[in-house]
Amino acid sequence: MITEREFRRVVAYVKKTSGIDLSEKQVLINGRLENYLLRNGYSGYDEYMEKVEHNPGGEEARNLINALTTNHTYFMREFEHLEFLKQEILPVLKTKEAARRDLRIWSAASSTGEEPYTIAMVLKDFFAMEQPKWDTKILATDISTKVLQHASKGKYLLEQIEPLPEHWRRKYFKKVNELEYQASQELRNEVIFRQFNLMNSFPFRKPFHVVFLRNVMIYFDDDTKRQLLRKVYDFLEPGGYLFVGTTEAVNRKGLDFKYVKPSIYRK
């Protein structure tokens, strides 16, 4: 069983490196790490954390984040955002970016891929025959290498893809076996998956038209949220949109975001 001192050590490391606040999650930390330590021959948490802290870019540090991050998502989540994207944002961007034909959308907590693949299908529906003339590739990032491996394969259980409209299921998913379906190569080509820690400096060369930052800030304290939102604001095009989770509220004090409607903000 993890001691209070060991727990504080894990919490401090995770907060410092990922921004995630696990100070109220002692049961979760113990439940997810205890067996891992036993299976891998560690004498205890101190030996394990020595290895993690000694090499923060190493495999054990990645395994720690993979173990402690919660990745719950599903297709068509917060559907009203997708409707707003298709009906309100894309028509304006199609006109505004007609010369460059370069659309930049970032799924900043992409988890196992359902969100960026859904956005990709919305874009395919909207642009239709014109899409090959546009660069509509979506950047999809997550801190967890484990979920990104899953996402890049694009394999999902039948019950996972059932919320999708039937024409999307038929067009973009092929049956692998009785249980699994896989996103088509055409759809997978529309999403670029990369590991990225939101606490790091943003390395992007160009600002985004739309950023989806949904259901990730619930794990951050207020200061961390504010710092992250400032960085996102700086990397949005003028007039660009930010989507957060429908259960999340953005405290705009000290921030320049304009409120559009619940969970939707604009630069």
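Above this note sits the structure.
Residues numbered from 1 in each chain as written. Predicted model: local features only at pLDDT ≥ 70, side-chain atom pairs only at ≥ 80, totals over all residues. Heavy atoms only, no water.

Examining the layout of surface pockets
Consideration 1: Considering only enclosed or pocket space, the second largest pocket measures out at about 410 Å³ in volume.
Consideration 2: As for the second largest pocket, its lining consists of 15 residues, of which Arg104, Leu139, Ile192, Arg205 and Phe208 are closest to the centre.
Consideration 3: Elements that contribute at least two residues to the lining of the second largest pocket include exactly strand 2 (138–142) and strand 6 (191–195).
Consideration 4: For the lining of the second largest pocket, a count of residues per class yields eight nonpolar, no polar and seven charged. (1 Å grid on protein atoms, 1.4 Å probe; cavity = no way out; pocket = protein on both sides within 12 Å on 5 of 7 lines; lining within 4 Å. Points joined across faces, edges and corners; volume = space filled by probe spheres on them. Helix = DSSP H or I, 4+ residues; strand = E, 2+ residues; numbered from the N terminus. Nonpolar A, V, L, I, M, F, W, Y, C, P; charged D, E, K, R; others polar.)

Some details on the pairing of strand 5 (residues 180–183)
Consideration 1: Note: strand 3 (residues 155–157) against strand 5, three bridges, orientation antiparallel. Looking at strand 5, one finds that Tyr156 is bridged to Tyr181.
Consideration 2: Pairing analysis gives three bridges linking strand 4 (residues 173–175) to strand 5, with the strands arranged antiparallel. Directly across from Lys175, in strand 5, lies its bridge partner Tyr181.
Consideration 3: Connecting strand 4 to the next strand, strand 5, in antiparallel fashion are four residues. (Pairing = 2+ DSSP bridges.)

Topic: the sheet that holds strand 9 (residues 258–261)
Consideration 1: The strand order 6-2-1-7-8-10-9 describes an open sheet built from seven strands, whose pairing is mixed. Of all the strands in the sheet, just strand 6 and strand 9 have a single pairing partner and so form its edges. When the angles between neighbouring strand axes are averaged without regard to direction, this sheet yields 20 degrees.
Consideration 2: Inspection of the sheet shows strand 1 (residues 105–107) paired to strand 2 by three bridges, in the parallel sense. Its bridge partner being in strand 2, Ile105 is matched across the sheet by Ile138.
Consideration 3: This element, helix 7 (residues 145–153), spans strand 2 and strand 6 of the sheet and lies at about 160 degrees to strand 6.
Consideration 4: Each of strand 7 (208–213) and strand 8 (236–244) is contacted by helix 11 (residues 222–234), which is oriented at about 140 degrees to strand 8, the strand it contacts most. (Axes fitted to C-alpha atoms, helices over the stretch in contact; angles between N-to-C directions. Contact = heavy atoms within 4.5 Å.)

Let's talk about empty space enclosed by the protein
Consideration 1: Overall, the coordinates contain one cavity of 30 Å³ or more when judged by the stated rule.
Consideration 2: In this structure, the largest cavity spans a volume of roughly 30 Å³.
Consideration 3: In terms of lining residues, the largest cavity is bounded by Thr73, Tyr74, Met76, Arg77, Leu82, Glu114, Glu115, Thr118 and Arg214.
Consideration 4: Ranked by residue count, the leading element in the lining of the largest cavity is helix 6 (residues 114–127), at three residues.
Consideration 5: Residues that form the lining of the largest cavity fall into these classes: three nonpolar, two polar and four charged.

Observations concerning the sheet that holds strand 4
Consideration 1: With respect to topology, three strands assemble into an open sheet ordered 3-5-4, the strand pairing being antiparallel. Two strands lie at the open edges of the sheet, namely strand 3 and strand 4, each paired on one side alone. Neighbour to neighbour, the strand axes of the sheet diverge by 35 degrees on average, direction disregarded.

Looking at the pattern of salt bridges
Consideration 1: In this structure the tally under the stated criterion is 20 salt bridges.
Consideration 2: Glu237 is the salt-bridge partner of Arg100, the closest N and O atoms lying 4.0 Å from each other. One end of the pair, Arg100, is in the loop between helix 5 (79–96) and strand 1; the other, Glu237, is in strand 8, with 137 residues separating them in the sequence.
Consideration 3: Take Arg100: its relative accessible area is 53%, and that puts it in the exposed class. (Salt bridge = Lys/Arg side-chain N within 4 Å of Asp/Glu carboxyl O. Buried < 20%, exposed > 50% of the residue type's maximum accessible area, 1.4 Å probe, protein only.)

Observations concerning helix 2 (residues 26–39)
Consideration 1: If you check helix 2, its first and last C-alpha atoms are 20 Å apart, about what 14 residues at 1.5 Å a residue would give, namely 20 Å.
Consideration 2: Roughly 30 degrees is the biggest bend found in helix 2, and it falls at Leu33.
Consideration 3: Considered for burial, the residues of helix 2 that qualify are Ile29, Asn30, Leu33, Tyr36 and Leu37.
Consideration 4: Where helix 2 is buried, its residues meet helix 1 (4–18), helix 3 (45–54) and helix 4 (59–68). (Expected span 1.5 Å × (residues − 1). Bend = angle between axes of the 7 residues up to and from the residue.)

What about the side chain of Thr136?
Consideration 1: Here Thr136 shows up in the loop between helix 6 and strand 2.
Consideration 2: At a separation of 3.2 Å, a polar atom in the side chain of Thr136 contacts the side chain of Glu190. (Polar contact = N/O pair within 3.5 Å; in protein donor to acceptor, adjacent residues only side chain to side chain.)

Side note on unusual backbone geometry
Consideration 1: Although it is not a glycine, Arg101 sits at a positive phi angle of roughly 50 degrees.
Consideration 2: Relative to the elements of secondary structure, Arg101 occurs in the loop between helix 5 and strand 1.
Consideration 3: With phi around 70 degrees, Ser263 is a residue other than glycine that occupies positive phi space.
Consideration 4: As for its placement among the helices and strands, Ser263 is situated in the loop between strand 9 and strand 10 (264–266).

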